[in-house]
Amino acid sequence: MFLSQLPVLSKSALLLSGSDPPRDEIGLIPCPEARYNRSPIVMVENKLGVESWCVKFLLPYVHNKLLLYRQRRLWLDRQALVDITCTLLLLNPDLTTAWNVRKELVECGALSPERDLYLGKLALSKSPKSPETWIHRRWVLLHLLQKAPPADQNQTDAERSRLLGEQLAQTLQQEMKVCADAACRYPSNYNAWSHRIWVLQRLAKGNVKVFLDELSSMRPWVSAHVSDHSGFHYRQFLLQELTGALAPPAGCSSNGERSAVEEPPHDLPAVQQLFCHELELVSDLIRSFPGHETLWSHRRHVFFLWHRWKEQHPGDGGDEGGDPAEGAQTRLSQTSAGVPMEVERGCSSDPQDIKRLRRGVPLPQPPTSQTEHVFVSGLLDGCGPEQRSFALAYRKWLDTVVGVPS
Amino acid sequence: MLGTQIKDVILKPDAPSSLLLDKHADYIAAYGSKKDDYEYTLSEYLRMSGIYWGLTVMDLMGQLDRMNLQEIIDFIKACQHDCGGFSASIGHDPHLLYTLSAVQILCLYDSLHAIDVDKVVEYVKGLQQEDGSFAGDKWGEIDTRFSFCAVATLALLGKMEMINVDRAVEFVLSCMNFDGGFGCRPGSESHAGQIYCCTGFLSLTGQLHQLNADLLGWWLCERQLPSGGLNGRPEKLPDVCYSWWVLASLKIIGRIHWIDKSRLRQFILACQDEETGGFADRPGDMVDPFHTLFGVAGLSLLGEEQVKAVNPVLCMPEDVLQRIGLQPDLLS
């Protein structure tokens, strides 16, 4: 029955994947033999399933067709190319050439970027690490960013700017969601998290509000995934961006340029509060979940960032008097210059954060190498062997790398 | 209070403990002989690299003559595109990754004359960006892996001066993290694979002094787990390919003695499959040519006498590089 039915099969697979309401997940149903003389495509709620027995026939058939096209030995119209690449990539998302064919289709307008991003999202539901899927996604996003929306005579400049901002915000949210889903599907998913960083670097440069929201919304996630090194690295990235935006090194403005005339923005208490808050988080987690290398690695990073920042701002920060929280509130409620972007969050910022900022709660003691050594010593009593060895390694790291001996 | 289980594997007492070189040679020689195999089609998108892995491990084991030289050269020729770059297989699109693999294979066979070398150089040169980084192909993805592919390709062809080396170095150094490691782009997480690419890059461009070797060496040797195996980042499981990425990096920066060699060797040997031949990522898993190469290459770095000496920067037999006259820097 089979060879003649392959074209029909591949068509039905895509009709289902492109349907309305959209499928949100695709998977292979382990089913080594065809049981009945019926289609191997299965649908349950919003999930698309493909019985595994048909894949070994389907894939080589469509694979071969695409390569013949690529060698100009076979003509395929645009719709056929859309269909074939869709089928192929759902089965083998690392097939770079198929993604490239789709790039060409997007470029000539035969395929919408949104539709292509949707395929990527589906592919990631089954293959959350797929490097080629993430790589292709970045190209599509860049293409979207560079493509100017059609000029509407009735729009003012301000409106265009606002609409652009909204579109950007939507794209940003969508990408955060795709990354979050992939991060949940595979532990310490390097590709998902490095994509997430790339998106912020491109779409949210210098946007303090976005960084703060991300820091806040990731708190419960990392607390529930204490082995996820990539998740914690993401927080290190956010902290680094925030310190750069809130209090750049002396002599630079927040966009990194030398500004002799302008007073660079300086929200030192806010920076100190961020670091204290982060160290508190990692201390809680280290105590609650002993023996996790990721947590100790995070501590090293956070303390190092803090230590280096203090060296670049000698004599600044919350050790002086005054109400440090006041400065923090004014700064943190502003977005940075650039495309004004109100990002709607499903979950609100940590209420503790906001209360503290508003109440003018005095900042805790700024962290030092000494306080870090005290933390280590406090833990060494009565801890297990793994925790002990990480604690001692941290102590050694403080002495050798940071350079202030115990 | 319960003790934490460190993420690791436990080596079984009956795990393989001696090197089964003949079985591995048989495994590689037979690999891909059934080209209709579904798995084989699935991996066609990286075929050129797959061939490089297979041929290199055969050469390291002194068994290269079992492979079909002419068939492979013809295949490679058919994969060079007009732009000069090579694709993974016939009909696929060209990319830097497969351009490097193609050049490496041709070096093994001393057959660079079979292709248009100038065109390759033009392709690589054309992928360098303003900031010194390299795109993987015309579509523009930036990754430090591609910086390595670019300089390795040109080094093998003796044409490094055709790119802006200083700018390329600047970009790679901008990807150095505070822990001494490197990620795929500036601001990315340190990862043993990326670290290998960046240390290899710095070796080929004569810039190893820019590294903090003690700091990086420390990060790298912390990859060793109780089982003896190496992982790529904190709290990941050990994987035999990290016996290459981590070990080669340590060798390049002159700190390979920071690893417990005998426990690592024991782990690598345990990843062999006594029945099918080949190595898997960890004991008991399915074998493949990728892990087979890196298992054998790792053992070579550890001093295994039955295997030829392997170059830690290019993952090719040292005698091949000696023939070309390429001796990348290593720190002592």
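Chains are numbered independently. Their residues run from 1 in the order of the written sequence. Note on labels: chains are lettered from A, ligands numbered from 1, in written order. Totals for whole chains, interfaces and linings use all residues, but because this is a predicted model, local features are given only for residues with pLDDT of at least 70 and pairs of side-chain atoms are given and counted only at 80 or more. In computing side-chain properties, one takes all heavy atoms of the structure into account and sets aside hydrogens as well as water.

Draft legend 1. Representation of the UniProt feature "domain: Prenyltransferase alpha-alpha toroid" (unreviewed entry) in chain B. UniProt feature "domain: Prenyltransferase alpha-alpha toroid" (unreviewed entry): in the numbering of this structure it lies at residues 19-316 of chain B. Helix and strand labels come from DSSP, where a helix needs a run of H or I of at least four residues and a strand needs a run of E of at least two; each type is numbered from the N terminus. Between the end C-alpha atoms of residues 19-316 of chain B the distance is 20 Å, and the span holds 47% helix and 1% strand. UniProt positions are given in the numbering used here, feature names are shortened, and annotations may be inferred rather than shown by experiment.

Draft legend 2. Up close: the environment of Leu268(A). As for its position among the elements, Leu268(A) is in helix α11 (residues 268-288). Considered as a pair, Leu268(A) and Asp94(A) are 174 residues apart in the sequence and their alpha carbons are 46 Å apart.

Draft legend 3. Main features of the interface of chain B and chain A. Contacts between chain B and chain A engage 38 residues on the former and 51 residues on the latter. Once two parts are put together, the accessible area they lose, assessed with a 1.4 Å probe and summed over both, is termed the buried area. Summed over the three residues of chain B that lose the most area to chain A, namely Trp139(B), Phe178(B) and Glu235(B), the buried surface amounts to 20% of that side. Here, a salt bridge means any Lys or Arg side-chain nitrogen found within 4 Å of an Asp or Glu carboxyl oxygen. Taken together, the connections running from chain B to chain A amount to four salt bridges. Between Arg300(A) and Glu222(B) there is a salt bridge, with the nearest N and O atoms lying 3.0 Å from each other. Distance and chemistry together define a polar contact, namely a pair of N or O atoms within 3.5 Å, with one atom able to donate a hydrogen and the other to accept it when in protein, and with adjacent residues in sequence counting only for side-chain atoms on both sides. Counting the contacts that link chain B with chain A gives 22 residue pairs in polar contact (both at pLDDT 80 or more). Broken down by element, the residue count for the side of chain B that touches chain A peaks at three residues, all from helix α2 (residues 38-42) of chain B. Any two residues whose heavy atoms approach within 4.5 Å at even a single point are treated as in contact.

Draft legend 4. Looking closely at empty space enclosed by the protein. Points on a 1 Å grid over protein atoms alone make up a cavity when a 1.4 Å probe fits among them but cannot get out, and a pocket when they form an open set with protein on both sides within 12 Å along at least five of seven lines; lining residues each have an atom within 4 Å of a point. Grid points are joined across faces, edges and corners, and a volume is the space filled by probe spheres set on the points. Per the stated rule, a full pass over the model turns up five cavities of 30 Å³ or more. There is about 110 Å³ of room inside the largest cavity. Lining of the largest cavity is provided by 13 residues; of these, Thr96(A), Tyr45(B), Asp93(B), His95(B) and Tyr98(B) occupy positions nearest its centre. Contributions of two or more residues to the lining of the largest cavity are made by α4 (96-107) of chain A together with α5 (96-108) of chain B. Following the grouping adopted for this structure description, the nonpolar residues are Ala, Val, Leu, Ile, Met, Phe, Trp, Tyr, Cys and Pro, the charged ones are Asp, Glu, Lys and Arg, and the polar ones are all others, Gly among them. Tallied by class, residues from the lining of the largest cavity come to five nonpolar, five polar and three charged.

Draft legend 5. How the structure looks around the pattern of salt bridges. Under the criterion given, the structure shown has 27 salt bridges over all chains. In this structure, Arg185(B) engages Glu141(B) in a salt bridge whose closest nitrogen and oxygen atoms are separated by 3.1 Å. Residue Arg185(B) is found in the loop between α8 (165-173) and α9 (192-204), and its partner Glu141(B) is found in the loop between α6 (117-126) and α7 (144-157); the two are separated by 44 residues along the sequence. A single burial state applies to Arg185(B) and to Glu141(B), both of which are buried. Here the salt bridges share partners, and the residues they tie into one network are Arg70(A), Glu104(A) and Asp93(B). The buried label goes to any residue with under 20% of its type's maximum accessible area, the exposed label to any with over 50%, and the partly exposed label to all in between, with areas taken from a 1.4 Å probe on protein chains only.

Draft legend 6. Examining the environment of Ala114(B) more closely. Residues and elements named next belong to chain B. With respect to the helices, strands and loops of the structure, Ala114 is situated in the loop between α5 and α6. In the structure, Ala114 is positioned 88 residues away from Leu202 in sequence and 29 Å away in space, judged by C-alpha atoms. When neighbours within four sequence positions are excluded, Ala114 is seen to be in contact with Ile73 and Lys77.

Draft legend 7. Representation of unusual backbone geometry. All names here are of chain B. Unlike most non-glycine residues, Asp110 shows phi in positive territory, near 50°. When you line up the elements, Asp110 lands in the loop between α5 and α6. Even without a glycine there, the phi angle at Glu235 is positive, about 60°. On the basis of relative accessibility, which here comes to 11%, the residue Glu235 falls in the buried class.

Draft legend 8. How the structure looks around the packing of aromatic side chains. All names here are of chain A. Centres within 6.5 Å make a pair out of two Phe, Tyr or Trp rings, where for Trp the six-membered ring is used; the pair is then stacked when the planes are under 30 degrees apart, edge-to-face when over 60, and tilted otherwise. Per the stated rule, a full pass over the model turns up 22 aromatic pairs over all chains. Between the aromatic rings of Trp296 and Phe375, the centroid separation amounts to 6.1 Å while the plane-to-plane angle is 50°, which identifies the pairing as tilted. Of this pair, Trp296 sits in helix α12 (residues 293-312) while Phe375 is found in helix α15 (residues 369-380), placing the two residues 79 residues apart along the sequence. For Phe375, a relative accessible area of 10% gives the class buried.

Draft legend 9. Representation of the side chain of Asp239(B) within the structure. Checked against the element boundaries, Asp239(B) lands in the loop between α10 (213-221) and α11 (242-252). Not counting residues up to four positions away in its chain, the partners in contact with Asp239(B) are Leu230(B), Phe267(B), Asp281(B), Arg282(B) and His291(B).

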